[in-house]
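What follows is each chain in one-letter form.
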Amino acid sequence: LSPNVVLRPLVQELALPVLAVVGGPGELAYLEQLGPVFSHFGLQQPPVLPRIGGLLVEPPIARLLDKYNLMPTQDIDAWLEATIKDADSVDIPKVFRDFQQKFRGEYARLIHGLVEIDPQLSQLGDKNLDKIMEQVNWMEGRSQADFRQKHGDVIRHGQRLKIALAPRGQEQQRLHNVFWYINKYGPAFLAALMQQPLAQDLVLYL
């Protein structure tokens, strides 16, 4: 015979009086409802304190946060959506198409004035225009390639931040085991934790 979730705090209080109960968000939610149960059995419910939580930020993740001017607790999904939306609003082909149209018009007027000086400048002007447009087209292709690369980098970096700061959309402490960090950083990790001030929510940069 063993007590369930609701009866365990009462049995615990009877077996060994408790100074305080430290619990996570889920535990706090149901412990708050047990006051009448304690009173029914003539017991005083011990104080319920929130467990200290934190967010660990490793050096590569800190660099990404600095790169995009983000806070560790920021909603990465919202930031990523807004960033992609802003990036998609840049219509590179239209920008270059409008430029070429305006440039061809101005260039045609320029050549029209020069033909009065020398008729042969008309043919030279056509060849020169082709060379200029060739360079403009190259710049458009380069711009599109850089845009796609930057776009992809933002998406990859955003996914990396989400996995590191909110794995599976949850708090780190609900999925990550402390021993992984101890194995990676050694005793220095525990020393860094011990140096942090007591707070309900803290951010630790490793």
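Everything below is about the structure printed above this text.
Reading guide: rules and limits
- Residues numbered from 1 in each chain as written.
- Predicted model: local features only at pLDDT ≥ 70, side-chain atom pairs only at ≥ 80, totals over all residues.
- Heavy atoms only, no water.
- Core = buried A, V, L, I, M, F, W, Y, C linked by side-chain atoms within 4.5 Å.
- Buried < 20%, exposed > 50% of the residue type's maximum accessible area, 1.4 Å probe, protein only.
- Helix = DSSP H or I, 4+ residues; strand = E, 2+ residues; numbered from the N terminus.
- Axes fitted to C-alpha atoms, helices over the stretch in contact; angles between N-to-C directions.
- Parallel < 35°, antiparallel > 145°, perpendicular 65-115°, else oblique.
- Left-handed = near helix turned anticlockwise from the far one by under 90°.
- Contact = heavy atoms within 4.5 Å.
- Nonpolar A, V, L, I, M, F, W, Y, C, P; charged D, E, K, R; others polar.
- Salt bridge = Lys/Arg side-chain N within 4 Å of Asp/Glu carboxyl O.

A.B. asks: Can you walk me through the nonpolar core in this structure?
C.D. replies: Soluble, globular proteins show a tendency: their nonpolar side chains are buried together. Counting 15 residues, the largest nonpolar core has V57, I61, L65, L70, W79, L161 and L165 as the members making the most contacts within it. Elements with a minimum of two residues in this core: β3 (53–57), α4 (59–67), α5 (76–88) and α7 (121–165). Grouped together as the second largest cluster of nonpolar side chains are 7 residues, I92, F96, Y107 and I111 included.

A.B. asks: Looking at this model, I keep getting lost on the packing of α4 against α7. Mind explaining?
C.D. replies: Think of two packed helices as two axes; the pair is described by the angle between the axes and how far apart they sit. Orientation of α4 relative to α7, taken along the N-to-C sense of each, is 130°, at an axis distance of 10 Å. Considered as vectors, α4 and α7 are oriented oblique to each other. In the packing of α4 onto α7, the handedness of the crossing is left-handed. Here α4 contributes P60, I61, L64, L65 and K67 to the contact with α7, which in turn contributes H157, R160, L161, A164 and L165. Across the contact of α4 with α7, the residue classes tally to 7 nonpolar, 1 polar and 2 charged.

A.B. asks: Explanation requested: the pattern of salt bridges in the structure shown.
C.D. replies: Note on pairing: side chains with opposite charge can pair once their charged atoms come close. Inspection of the entire model under this criterion finds 5 salt bridges. D98 is the partner of K94 in a salt bridge, and the nearest nitrogen-oxygen pair spans 2.9 Å. Of this pair, K94 and D98 both sit in helix α6 (residues 92–115), 4 residues apart, which is roughly one turn of the helix. Notably, a salt bridge pairs R156 with D153, separated by 2.2 Å at the nearest N-O pair. Here D153 and R156 lie together in helix α7, a separation of 3 residues that amounts to about one turn. Given the relative accessible area of 51%, R156 is considered exposed. Here D153 falls in the partly exposed class, since its relative accessible area comes to 22%.

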